[in-house]
Amino acid sequence: MASVLFLEYPKCSTCKKAKAWLDAHGVAYADRHIVEDNPTADELAAWHAASGLPLRRFFNTSGMVYRERNVKALLDAGMGDEEAYALLAEDGMLVKRPLVVGEDFVLVGFKEAEWEQALLG
């Protein structure tokens, strides 16, 4: 399998678990710090399309920035996709992590069964 892009926040315990899982299973990856090198709106739009997931899954709903900026209310009020991509691109802490981007798939968050299917299947 070709290398995947692994976007993480290194202090995040879930990201640490996910990275250990990748290493244990011999999955090659390029590491990217989600705050220092935040995804662009264009990247997020492409990843959203490739993921097949609702756009809300890309938001880190348990994060402080999400709560401080009252993002749930903005989304509930009907924020469009382009606005949402722009908002996510403003601050990596708004983006659900870890993110794994492969040639034809995107994984959001760490769910071992999903990762096994996409990365080892």
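Residues numbered from 1 in each chain as written. Predicted model: local features only at pLDDT ≥ 70, side-chain atom pairs only at ≥ 80, totals over all residues. Heavy atoms only, no water.

- Under an unreviewed UniProt entry, the name given to the chain is ArsC family transcriptional regulator, and the source organism is Gordonibacter pamelaeae.

1. Considering helix 2 (residues 41-51)
Right, so step 1: Those residues of helix 2 that sit buried are Leu44, Trp47, His48 and Ser51. Across the axial projection of helix 2, the buried residues extend over an arc of 105 degrees, all falling on one side. Residues of helix 2 that are exposed and angled more than 90 degrees away from the buried face: Asp42 and Ala49.
Right, so step 2: Where helix 2 is buried, its residues contact strand 1 (4-8), strand 2 (29-33), helix 5 (81-90), strand 3 (99-101) and strand 4 (106-108).
Right, so step 3: Where helix 2 ends, the next residue or the one after it, Gly52, has phi of about 75 degrees, a positive value. (Buried < 20%, exposed > 50% of the residue type's maximum accessible area, 1.4 Å probe, protein only. Helix = DSSP H or I, 4+ residues; strand = E, 2+ residues; numbered from the N terminus. Arc of directions from axis to C-beta. Contact = heavy atoms within 4.5 Å.)

2. Some words on unusual backbone geometry
Right, so step 1: Of note, the bond from Arg97 into Pro98 is cis; its omega dihedral lies within 30 degrees of zero at -5 degrees.
Right, so step 2: Along the polypeptide, Pro98 turns up in the loop between helix 5 and strand 3.
Right, so step 3: A positive phi angle, close to 50 degrees, is found at Asn70, a residue other than glycine.
Right, so step 4: With respect to the helices and strands, Asn70 occurs in the loop between helix 3 (64-68) and helix 4 (71-76).

3. Considerations on the sheet that holds strand 4
Right, so step 1: Spatially, 2-1-3-4 is the arrangement adopted by the four strands of the open sheet, whose pairing is mixed. Two strands bound the open sheet, and with one partner strand each, they are strand 2 and strand 4. Geometrically, the sheet is characterised by an average inter-axis angle of 15 degrees between neighbouring strands, direction not taken into account.
Right, so step 2: Sheet topology places strand 3 next to strand 4; three bridges connect them, and they run antiparallel. Bridge pairing links Leu99 to Val108 in strand 4.
Right, so step 3: Across the sheet, helix 1 (residues 13-24) touches strand 1 and strand 2, and the angle it forms with strand 1 is around 155 degrees.
Right, so step 4: Contacts from helix 6 (residues 112-120) reach strand 1, strand 3 and strand 4 within the one sheet, and its direction differs from that of strand 4 by about 165 degrees. (Pairing = 2+ DSSP bridges. Axes fitted to C-alpha atoms, helices over the stretch in contact; angles between N-to-C directions.)

4. Quick word on the pattern of salt bridges
Right, so step 1: Summed over all chains, the structure comprises seven salt bridges.
Right, so step 2: Measuring nitrogen to oxygen at the nearest pair gives 3.3 Å for the salt bridge that ties Arg32 to Asp37.
Right, so step 3: On the accessibility criterion, Arg32 (10% relative accessible area) is buried.
Right, so step 4: One network of salt bridges, in which partners are shared, links Glu8, Lys19 and Asp31. (Salt bridge = Lys/Arg side-chain N within 4 Å of Asp/Glu carboxyl O.)

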